[in-house]
Amino acid sequence: MISQRKDDHVRLAVEHARQHSGHNQFDEVSFVHHALAGIDRPDVSLATTFAGISWPVPLYINAMTGGSVSTGIINRDLAIAARETGVAVASGSMSAYFKDPSCADTFSVLRKENPDGFVLANVNATASVDKVQRAIDLVQANALQIHINTAQETPMPEGDRSFAAWVPQIEKIAAAVDVPVIVKEVGNGLSRETVLLIESLGVQVADLGGRGGTDFARIENGRRELGEYAFMHGWGQSTAACLLDTQDVGIPVLASGGVRNALDVARALALGASGVGASGGFLRTLKDEGVSALIAQISTWLDQLAALQTMLGARTPAELTRCDLLIHGELRDFCADRGIETGTFAQRSRSVEAAHQLTGSTR
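Residues numbered from 1 in each chain as written. Predicted model: local features only at pLDDT ≥ 70, side-chain atom pairs only at ≥ 80, totals over all residues. Heavy atoms only, no water.

### Some words on the overall build of the chain
Here's step 1: In terms of helices and strands, the chain carries 15 helices and 12 strands.
Here's step 2: Relative to a compact globule of 363 residues, whose C-alpha radius of gyration would be 21 Å, the chain shows 20 Å and is just as compact.
Here's step 3: Judged by the C-alpha coordinates and their principal axes, the chain covers about 65 × 45 × 40 Å.
Here's step 4: Residues classed as buried in the chain amount to 56% of the 363 residues present. (Helix = DSSP H or I, 4+ residues; strand = E, 2+ residues; numbered from the N terminus. Rg over C-alpha atoms; globule rule 2.2 N^0.38 Å. Buried < 20%, exposed > 50% of the residue type's maximum accessible area, 1.4 Å probe, protein only.)

So this is what it looks like as structure tokens:
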């Protein structure tokens, strides 16, 4: 039963978040400290704009759940947290609604509790255009997420085994709807080649959804009696690797997967993300401590991000891409194998300074 599967996902995701060691490849990205780079806090803005979308802050609550009574309560609380902090919020996959319209309120509560906020509807890549429009209408969505998740479906006991139709269907959906379309991975990452293909389909934004946070291959294997797909745990590329792999692609990218704190948000923005999503850590806070604690956590992250921008001299999230970064460890090895030059990241401020000297402008 799909409602039981949704509840299983939440239970296993929270267990995973509680047990997670904490390390991921965001730890292999560090800022070069320039001691006189700082600016004044009142000059800092957290606003971000991409693909015709404007958000007051570059953080969003990424897709989690919906489809059962208990997950409807979670969506209600996520919507309240989004409303109180100004972050965007995405529904979980709305496949449950397509199969059982009686669970509609477990998704529509996102809009009910957050009437003026930015809400994203979430569907799979096999949904018909009619179903997609129903999903958009149900939550009065400002944008659409299409999730792609072959590495989740493969160990899922009842998962899809036919993937060839996904590409043409994504193209059909992108051409049919009148809200921005975002294609997102669910935790295994989007390669450069995949993002370029997504762009060619008429999609406006790619959510890289990299490895490092909730591992749905592990979760689905945990639902199998024998757990025989353990070899797929940790499949894919990290979010940091995906950001490096997709430098200068033609469409904006969002970063999600393994985002643990405000420093990870700043790292992701400095690596080129237009916005940064979190889910597993937020879900753990909500389940363990309640909605007030989640509101406090998000508010703290935003305050800390503004503090980091102040210290780094970035008036906007986009200006973090001018900051110098060092790439270490296995992430640097990934870049070498993929032909990505890491040295330029450590010298970005020099090119900015040279441009200022040429134009006679000042900081």
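Here the narrative resumes, following the displayed structure.
### Examining the UniProt feature "binding site: FMN" (unreviewed entry) in the chain
Here's step 1: Mapped onto this numbering, the UniProt entry annotates "binding site: FMN" (unreviewed entry) at Ala63, Met64, Thr65, Ser93, Asn122, Lys184, Thr214, Gly258, Val259, Arg260, Ser279 and Gly280. Look at the named residues: they lie 218 residues apart in sequence, and the longest C-alpha span between them is 22.7 Å, so in the fold they stay spread out.
Here's step 2: Its location among the elements puts Met64 in the loop between strand 4 (59-61) and helix 2 (69-85).
Here's step 3: Apart from residues no more than four positions distant in its own chain, Met64 is found in contact with Leu78, Ala90, Ser91, Gly92, Ala278, Ser279, Phe282 and Leu283.
Here's step 4: Turning to its location among the elements, Ser279 is positioned in the loop between strand 11 (275-278) and helix 12 (280-289). (UniProt positions renumbered as here; feature names shortened; annotations may be inferred. Contact = heavy atoms within 4.5 Å.)

### What to know about unusual backbone geometry
Here's step 1: The backbone of Gln140 shows a phi angle near 50 degrees, a positive value even though the residue is not glycine.
Here's step 2: Within the element layout of this structure, Gln140 appears in the loop between helix 5 (129-139) and strand 7 (143-148).
Here's step 3: A positive phi is found at Asp248, a non-glycine position, where the angle reads about 65 degrees.
Here's step 4: Among the structural elements, Asp248 can be located in the loop between helix 10 (239-245) and strand 10 (253-256).
Here's step 5: With relative accessibility at 75%, the residue Asp248 sits in the exposed group.

### Focus: the side chain of Asn221
Here's step 1: Tracing the chain through its elements places Asn221 in helix 9 (residues 216-222).
Here's step 2: Discounting residues that sit within four places of it in the chain, Asn221 has contacts with Pro155, Gly227, Glu228, Tyr229, Ala230 and His233.

### Section: the sheet that holds strand 7
Here's step 1: Here 8 strands make up a closed barrel; going around it, the order is 4-5-6-7-8-9-10-11 and the pairing parallel. The mean angle between the axes of side-by-side strands here comes to 25 degrees, regardless of whether they run parallel or antiparallel.
Here's step 2: Here strand 9 (residues 205-207) pairs with strand 10 via 2 bridges, running parallel. Note on strand 10: the bridge partner recorded for Asp207 is Leu254.
Here's step 3: Where helix 11 (residues 262-270) meets the sheet, its contacts fall on strand 4, strand 10 and strand 11, and the angle it forms with strand 11 comes to roughly 140 degrees. (Pairing = 2+ DSSP bridges. Axes fitted to C-alpha atoms, helices over the stretch in contact; angles between N-to-C directions.)

### A word on the UniProt feature "binding site: substrate" (unreviewed entry) in the chain
Here's step 1: Listed under "binding site: substrate" (unreviewed entry) in the UniProt record, and renumbered for this structure, are Arg5, Lys6 and Gln152.
Here's step 2: Among the structural elements, Gln152 can be located in helix 6 (residues 150-153).
Here's step 3: Overall, the relative accessible area of 7% leaves Gln152 in the buried class.

### Examining the packing of helix 2 against helix 12
Between two packed helices, the angle of one axis relative to the other and the distance separating the axes together describe the packing.
Here's step 1: Packing of helix 2 against helix 12 brings their axes to within 11 Å, and their N-to-C directions diverge by 105 degrees. In this view, helix 2 runs roughly perpendicular relative to helix 12, as classed from their interaxial angle. Contacts between helix 2 and helix 12 involve Ile74, Asp77 and Leu78 from the first element and Leu283, Leu286 and Lys287 from the second.
Here's step 2: For the contact of helix 2 with helix 12, a count of residues per class yields 4 nonpolar, no polar and 2 charged. (Parallel < 35°, antiparallel > 145°, perpendicular 65-115°, else oblique. Nonpolar A, V, L, I, M, F, W, Y, C, P; charged D, E, K, R; others polar.)

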